[in-house]
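Below, each chain spelled out in residue letters.
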Amino acid sequence: MKADKAYPKTVKIAEKTITLRPLLEEDGKAILDFARSLPEEDLLFLSFDITDENVVKQWIKYVKSGLWHTIIAENDNKIVGHATLLRTEQIWTRHLGELIILVAPELRGHGLGSKLAFEIFKKAEELKLMKLVARMAATQKSAIAVFERLGFRAEALLSDYVIDRKGQTHDLLAMSYDVRGFTQNL
Ligand SMILES: CC(C)(COP(=O)(O)OP(=O)(O)OC[C@H]1O[C@@H](n2cnc3c(N)ncnc32)[C@H](O)[C@@H]1OP(=O)(O)O)[C@@H](O)C(=O)NCCC(=O)NCCS
């Protein structure tokens, strides 16, 4: 994975010093520890089961290949959050990226999610993407509110499109953000 001179960065969140930096190949165990520390209600809606070692290995592989881009948030050598820009190899969606953000429950509501999202907005712009999408279950009201605060707008509601860990289906809300206006808003 290529070193990025812009990192590490430090931010103060809830009186803690948090380091933001790209995911490294050796972060696999720390990611698993973070994922496995999450409460059941967070795990319910994960699009990838990041408590699974093989899924984390695949994630790191995509980051290594340059297709995905992950910024992790770290405190006291523990991962406390990440934002990931997912891209696919499909040519007709090469202008799109998907944003996933996850913050440790005890640090939520202090701006870390926004800081992580901005790092991805910058990367998306650097990659000349046009649009970022975020997908969540329509029942995830607070996540929807957070993405609205970040500037995302609801675009489509797909019925019974996701199934949670308990086997219950939910409607999927797709939200989007126009990357091209990002630097003008800084
Ligand atoms: C979504 C998530 C990443 C947000 O992280 P966070 O660190 O709490 O976010 P922030 O503190 O930066 O909040 C961002 C904005 O949303 C608002 N917000 C935060 N929590 C909120 C809530 N529960 N309801 C409504 N608005 C909320 C904040 O006030 C802030 O707006 P502002 O900039 O105008 O003050 C975090 O809640 C999380 O990890 N949730 C579980 C995973 C998830 O659902 N991810 C989304 C799908 S990818």
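Refer to the preceding data block for the structure.
Residues numbered from 1 in each chain as written. Predicted model: local features only at pLDDT ≥ 70, side-chain atom pairs only at ≥ 80, totals over all residues. Heavy atoms only, no water.

Caption draft 1: The arrangement of the overall build of the protein chain in detail. A count of helical and extended segments in the protein chain gives five helices and eight strands. In the protein chain, the succession of helices and strands from N to C terminus is β-β-α-α-α-β-β-β-α-β-α-β-β. Projected onto the principal axes, the alpha-carbon positions of the protein chain cover approximately 40 × 40 × 35 Å. When each of the 186 residues of the protein chain is scored for burial, the buried share is 44%. Considering only contacts within the protein chain whose residues lie at least 6 apart along the sequence, 57% involve residues at least 24 apart. When the accessible area of the protein chain is evaluated, it comes to approximately 10,900 Å², of which 51% is carbon and sulfur surface. (Helix = DSSP H or I, 4+ residues; strand = E, 2+ residues; numbered from the N terminus. Buried < 20%, exposed > 50% of the residue type's maximum accessible area, 1.4 Å probe, protein only. Contact = heavy atoms within 4.5 Å. Areas by Shrake-Rupley, 256 points an atom, 1.4 Å probe, with all protein chains shown as cover.)

Caption draft 2: Expanded view of helix α4 (residues 112-126). With 15 residues, α4 should reach 21 Å at 1.5 Å per residue; the first-to-last C-alpha distance of 22 Å fits that figure. Among the residues making up α4, those that are buried are L112, G113, L116, A117, E119, I120, F121, K123 and A124. One or two positions beyond α4, positive phi appears at K128, with a value near 60°. (Expected span 1.5 Å × (residues − 1).)

Caption draft 3: The arrangement of the site of the ligand in detail. Inspection of the region around the ligand gives 18 residues, with G109, G111, G113, S114 and R149 positioned closest. At a separation of 2.9 Å, a nitrogen atom of the ligand approaches a polar backbone atom of I101. G111 is positioned with one of its backbone polar atoms (N or O) 2.8 Å from an oxygen atom of the ligand. More than half of the atoms of the ligand fall within 2 Å of the grid points belonging to the largest pocket. Looking at the shell around the ligand, the elements that each hand over two or more residues are β5 (96-103), α4 and α5 (141-149). Per-element accounting of the shell around the ligand gives the leading share, six residues, to α5. Classifying every residue of the shell around the ligand gives nine nonpolar, seven polar and two charged. (Near = heavy atom within 4 Å. Polar contact = N/O pair within 3.5 Å; in protein donor to acceptor, adjacent residues only side chain to side chain. 1 Å grid on protein atoms, 1.4 Å probe; cavity = no way out; pocket = protein on both sides within 12 Å on 5 of 7 lines; lining within 4 Å. Sits in = over half its atoms within 2 Å of the grid points. Nonpolar A, V, L, I, M, F, W, Y, C, P; charged D, E, K, R; others polar.)

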